[in-house]
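# Analysis of the macromolecular model
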Amino acid sequence: DSHSGSTWSVGSGGTGSAASAAHPGPTRDDAVQFLEGDNKKAGQLTCTASCYGSDAEAETAGANRYLGPALLAQREVTWLVYKLPDGSYSYTYGALSSLRATQQALPSIMYNYALMSAGHIHWDSNHKFSRQDWRLITQDQRHGPLGITLYLGTADRRLQYATPDYARQFGEVRGAMFLPPATNFPGMVVPDVTLKDT
C-alpha cells in the first residue's frame, strides 16, 4: 500500500517501558522468523475444516496473528479468506513484504474455494486505507460487483474494512475516468474487536 513511510514505534505496547525491559518479549528477529515461516506457506489455508463462523471472524483471527509481528518487524502482511465446503471460513498464511515496504501483493488465489475477502496489516502510522487499497477494493470500476472487501489491521488495534460500494464513494470522477481518492480514507470499524499487538 502507498501510505506514510514514517517509522512507527514498535514493540510490546510500542513504549519500550521499564516493565517491558524487565520482562523482555519477542525481538524483531523473532518476529521476522515467524513471518518468514508463514510466508513460505503463503496462500495455503491455516485451517481446513470447522474453522471460523464468519468472514469477519476469520479476518479477525488473521489480523490477530499478524499485527504484533508485523509491527515489530516493520513488514506488511497480506492474506485471503475463503468459505470452505463445510460452511466455515478460513484465512491463509500471510505473504510478507520486504523491510519497511508499504506495498505487498496478495497471496495467489485458490480457485477450489469461494474467495470472500482479503486482509492486510499496515505496520506504520497509517491507520487508513491507501490509494492502492482503493484500487484493489474497487478494481477501478465506478459501478458493478467488481472488487473485493478488504480488511485492515493497524497499530491502533482496530480492524477496519471497506467493501467495493463503500470505497467507491471516495473515488474521483473526471470525465469518463474513475480515479483513486487524493488521500487515504477511513474504513468501517469492525465492532467489538480490539486486535492483539503482541
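This text goes with the structure placed above it.
## Section: the nonpolar core
If you look at the biggest cluster of nonpolar residues, it comprises 27 residues, and the most contacted ones within it are Tyr-66, Val-77, Trp-79, Ile-121 and Leu-159. Every element with two or more residues in this core is listed here: helix 2 (28–39), helix 3 (55–73), strand 1 (77–83) and strand 2 (89–91). When sequence neighbours within four positions are dropped, the list of residues in contact with Ile-121 reads Ala-63, Tyr-66, Leu-67, Ala-70, Glu-76, Val-77, Trp-79, Leu-152 and Gly-153. Residues Leu-80, Phe-129, Ala-162 and Phe-178 belong to the second largest nonpolar core, which totals 19 residues.

## As for the side chain of Asp-55
If you trace the backbone, Asp-55 turns up in helix 3. Among buried Asp, Glu, Lys and Arg side chains, Asp-55 stands out as unpaired, with Lys-83 the closest opposite charge at 10 Å. Residues in contact with Asp-55, not counting those within four places in the same chain, are Val-81, Tyr-89, Met-116, Ser-117 and Tyr-151.

## Examining the state of the cysteines
A full pass over the atoms with the stated rule returns one disulfide. Disulfide pairing places Cys-47 opposite Cys-51 at an S-S distance of 2.1 Å. In this structure, the disulfide formed by Cys-47 and Cys-51 twists by about -100° around the S-S bond and is classed as left-handed. Across the pair, Cys-51 and Cys-47 agree in class, each one buried.

## Brief notes about the pairing of strand 1
Counting buried residues along strand 1, six of its seven residues qualify, which places the element largely inside the surrounding structure. Here strand 1 runs beside strand 3 (residues 95–96); their pairing, made up of two bridges, is antiparallel. When the sheet's bridge partners are listed, Thr-78 is paired in strand 3 with Ala-95. In this structure, strand 1 lies alongside strand 4 (residues 114–121), joined through six bridges in antiparallel fashion. Pairing of Leu-80 across the sheet is with Ala-118, part of strand 4. The sheet contact formed by strand 1 and strand 2 spans three bridges and is antiparallel. Each bridged residue has a counterpart across the sheet, and for Lys-83 the counterpart in strand 2 is Tyr-89. Hairpin connection of strand 1 to strand 2: five residues between the antiparallel strands, including Gly-87 at a positive phi of 90°.

Criteria and thresholds
Sequence order sets the numbering: in each chain, residues are counted from 1 along the sequence as written. In view of the model being predicted, local features appear only for residues whose pLDDT reaches at least 70, and side-chain atom pairs are presented and counted only at 80 or more, with totals across whole chains, interfaces and linings using the full set of residues. Excluding hydrogens and water, the side-chain values take into account all heavy atoms of the structure. Only buried residues count toward a nonpolar core, which is a set of Ala, Val, Leu, Ile, Met, Phe, Trp, Tyr and Cys residues joined through side-chain atoms within 4.5 Å. Between buried and exposed lies partly exposed: a residue is buried under 20% and exposed over 50% of the maximum accessible area for its type, with that area taken using a 1.4 Å probe on protein chains only. Every helix listed is a DSSP run of H or I at least four residues long, and every strand listed is a run of E at least two residues long, numbered separately from the N terminus. Contacts were defined at the residue level, with two residues in contact if any of their heavy atoms lie within 4.5 Å. None of His or the chain ends enter the tally, which takes Lys and Arg as positive and Asp and Glu as negative. What counts as a salt bridge is simple: a side-chain nitrogen of Lys or Arg found within 4 Å of a carboxyl oxygen of Asp or Glu. Throughout, a disulfide means two cysteine sulfur atoms within 2.5 Å of one another. Pairing between strands requires that DSSP locate at least two bridges from one strand to the other.

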